[in-house]
Amino acid sequence: MSNTFFQKDIVSVRDFDKQKFEEVFQATDKIIGMNQNERRELARGKTLGYLFFEPSTRTRLSFESAMASIGGTSIGIADASSSSAKKGESLADTVRIMSLYSDVVVLRHQLDGSSRFAAEVSETPLINAGSGTEEHPTQAILDLYTIRKEKKRIDGLKIGIVGDLKYGRTVYSLLYALSNYKVDVRLISPPALKIRADSTYEIRKRLSYTETTDLEESLDDLDVVYVTRIQKERFADMEEYVKVKGSYKIGLELLKKMKEDVIVMHPLPRLDEISHKFDSTPQAKYFKQAQYGKETRAAILALILNEKGI
Ligand code: NCD
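Because the structure is predicted, anything quoted here is derived from the model rather than measured.

The rules behind each value
- Residues numbered from 1 in each chain as written.
- Predicted model: local features only at pLDDT ≥ 70, side-chain atom pairs only at ≥ 80, totals over all residues.
- Heavy atoms only, no water.
- Helix = DSSP H or I, 4+ residues; strand = E, 2+ residues; numbered from the N terminus.
- Buried < 20%, exposed > 50% of the residue type's maximum accessible area, 1.4 Å probe, protein only.
- Contact = heavy atoms within 4.5 Å.
- Salt bridge = Lys/Arg side-chain N within 4 Å of Asp/Glu carboxyl O.
- Axes fitted to C-alpha atoms, helices over the stretch in contact; angles between N-to-C directions.
- Parallel < 35°, antiparallel > 145°, perpendicular 65-115°, else oblique.
- Left-handed = near helix turned anticlockwise from the far one by under 90°.
- Nonpolar A, V, L, I, M, F, W, Y, C, P; charged D, E, K, R; others polar.
- Near = heavy atom within 4 Å.
- Polar contact = N/O pair within 3.5 Å; in protein donor to acceptor, adjacent residues only side chain to side chain.
- Areas by Shrake-Rupley, 256 points an atom, 1.4 Å probe, with all protein chains shown as cover.
- 1 Å grid on protein atoms, 1.4 Å probe; cavity = no way out; pocket = protein on both sides within 12 Å on 5 of 7 lines; lining within 4 Å.
- Sits in = over half its atoms within 2 Å of the grid points.
- Domains from an automatic or database assignment.
- Points joined across faces, edges and corners; volume = space filled by probe spheres on them.
- Buried area = accessible area lost by both parts, 1.4 Å probe.

1. A word on the side chain of Thr133
Working step 1: Relative to the helices and strands, Thr133 resides in the loop between strand E4 (126-131) and helix H6 (137-151).
Working step 2: What makes Thr133 buried here is its relative accessible area of 14%.
Working step 3: Look past the residues within four positions of Thr133 in its chain and what remains in contact with it is Asp112, Tyr167, Arg169, Tyr172, Arg196 and Arg234.

The structure is reproduced here in structure tokens:
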């Protein structure tokens, strides 16, 4: 099979179709089935360079761990205040330099548009690991992979997305991804955190979704409940944050209102929107999801680095 990812950037899920997702899913399944020696050939002698201008645990560590698992190494800046960005170096120069030292660049930045811009100046393929409130494409890929693995299909499912739909970039990437499938989406948020209509304009014809504020009444027919954190750091006014903070809490009592085979997902970090007591239920899949994050990222890196694919 031809590899459409070879030496290509991953900036937006809007550049993906069903076939591309399928390519990554198949590569992920293949990598999981490989022995350690085979796997380590995929990025032997290659370097991943990461630039994180915003905090991260899973995304950065899973990229690093994924790169190590396929035989490559990682270098990078996990805290922009320790880089020359602090001295006033531009994003363009920082990215350009990193791309001279690495075979693939992974960027997280607080500005919408940062990744598209960085991809233009980078000498090597660039992966968007979160650009402002706009997108987080590799998160959507691992989210779809999780749904496909845990529910055995994507088409035909009813999917609820709960929480901060205004500022959550994972939400937008997930919606763009889901618009390639036949799914029913229910968007559940406080009125102040509704989806940004301008950002979903182009998928509205392809994706059927409804909006509500009532979580309890929305749960009974959902196959997937995707919970998100209220993005405190994106609020211009802290009083507005205080008003919506703690709007929804998924705990054991709500489990009774859900289908028995529902899966509950979260990109993490979670604060109090899912209670810790929920973690030990079979429906809780957010840690599994984080694990799939490493495997899907290993597949993405291997596809970008190997012309013949995996
Ligand atoms: C998300 C992000 O950075 O957008 N985190 C992640 O990468 N899993 C979600 C969040 O911060 O709430």
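2. What about the pattern of salt bridges?
Working step 1: Scanning the model with the defined rule gives 22 salt bridges in all.
Working step 2: The salt bridge involving Glu216 is made with Lys257; its shortest N-O contact spans 3.5 Å. With Glu216 in the loop between strand E7 (208-212) and strand E8 (224-227) and Lys257 in the loop between helix H10 (252-255) and strand E9 (263-265), this pair connects stretches of sequence that are 41 residues apart.
Working step 3: The partner of Glu233 in a salt bridge is Arg229, with the nearest N and O atoms 2.8 Å apart.
Working step 4: Among the residues examined, Glu233 registers a relative accessible area of 46% and is labelled partly exposed.
Working step 5: In this structure Arg229 comes out as buried when scored by relative accessible area, which is 15%.
Working step 6: One network of salt bridges, in which partners are shared, links Glu22, Asp29, Arg148 and Lys149.

3. Here's the deal with the packing of helix H1 (residues 18-33) against H6
Working step 1: Running from N to C, H1 and H6 cross one another at 70°; their axes reach a closest spacing of 11 Å. It follows from the interaxial angle that H1 and H6 lie roughly perpendicular. The way H1 lies across H6 gives a crossing that is right-handed. Touching Phe21, Glu22, Val24, Phe25, Thr28, Asp29 and Ile32 of H1 are Ile141, Leu144, Tyr145, Arg148 and Lys149, all from H6.
Working step 2: For the contact of H1 with H6, a count of residues per class yields seven nonpolar, one polar and four charged.

4. Digging into the site of the ligand
Working step 1: Lining the immediate environment of the ligand, one finds Thr59, Arg108, His136, Gln139, Arg169, Thr170, Arg229, Gln231, Pro267, Leu268 and Pro269.
Working step 2: Thr59 is positioned with one of its side-chain polar atoms (N or O) 2.8 Å from an oxygen atom of the ligand.
Working step 3: A distance of 2.8 Å is found between an oxygen atom of the ligand and a side-chain nitrogen or oxygen belonging to Arg169.
Working step 4: With the chains in place, 93% of the 320 Å² that the ligand exposes on its own is no longer accessible.
Working step 5: Judged by the fraction of its atoms near the pocket grid, the ligand is located in the largest pocket.
Working step 6: Looking at the shell around the ligand residue by residue, the class counts come to three nonpolar, five polar and three charged.
Working step 7: When residues are assigned to domains, the shell around the ligand turns out to be shared by domain 1 (13-136 + 291-305) and domain 2 (137-285), each giving three or more.

5. Some words on empty space enclosed by the protein
Working step 1: The tally for this structure, following the rule as stated, stands at one cavity of 30 Å³ or more.
Working step 2: Lining the largest cavity, in full, are Arg58, Ser62, Gln139, Leu142, His266, Pro267, Leu268, Tyr286, Gln289, Ala290, Gly293 and Arg297.
Working step 3: Of all elements in the fold, only helix H3 (58-69), H6 and helix H11 (286-305) reach the threshold of two or more residues within the lining of the largest cavity.
Working step 4: The element best represented in the lining of the largest cavity is H11, accounting for five residues.
Working step 5: For the lining of the largest cavity, the residue count by class is five nonpolar, five polar and two charged.
Working step 6: Shared between two domains, the lining of the largest cavity takes at least three residues from each, and those domains are domain 1 (13-136 + 291-305) and domain 2 (137-285).

6. Focus: the domain arrangement of the chain
Working step 1: By domain assignment, the chain separates into domain 1 (13-136 + 291-305) and domain 2 (137-285).
Working step 2: Tallying the contact residues gives 32 residues for domain 1 and 29 residues for domain 2.
Working step 3: For the pair domain 1 and domain 2, the two sides together bury roughly 2,800 Å², of which 58% comes from carbon and sulfur.
Working step 4: Where domain 1 touches domain 2, the interface holds seven salt bridges.
Working step 5: A salt bridge links Lys149 to Asp29; its shortest N-O distance comes to 3.3 Å.
Working step 6: Across the contact surface, domain 1 and domain 2 share 17 residue pairs in polar contact (both at pLDDT 80 or more).
Working step 7: Sorting the residues of the side of domain 1 that touches domain 2 by element identifies H1, H3, strand E3 (104-109), E4 and H11 as the ones contributing at least two each.
Working step 8: Counting residues per element, the side of domain 1 that touches domain 2 draws most heavily on H1, at eight residues.
Working step 9: Of the residues in the side of domain 1 that touches domain 2, the class split is 10 nonpolar, 11 polar and 11 charged.

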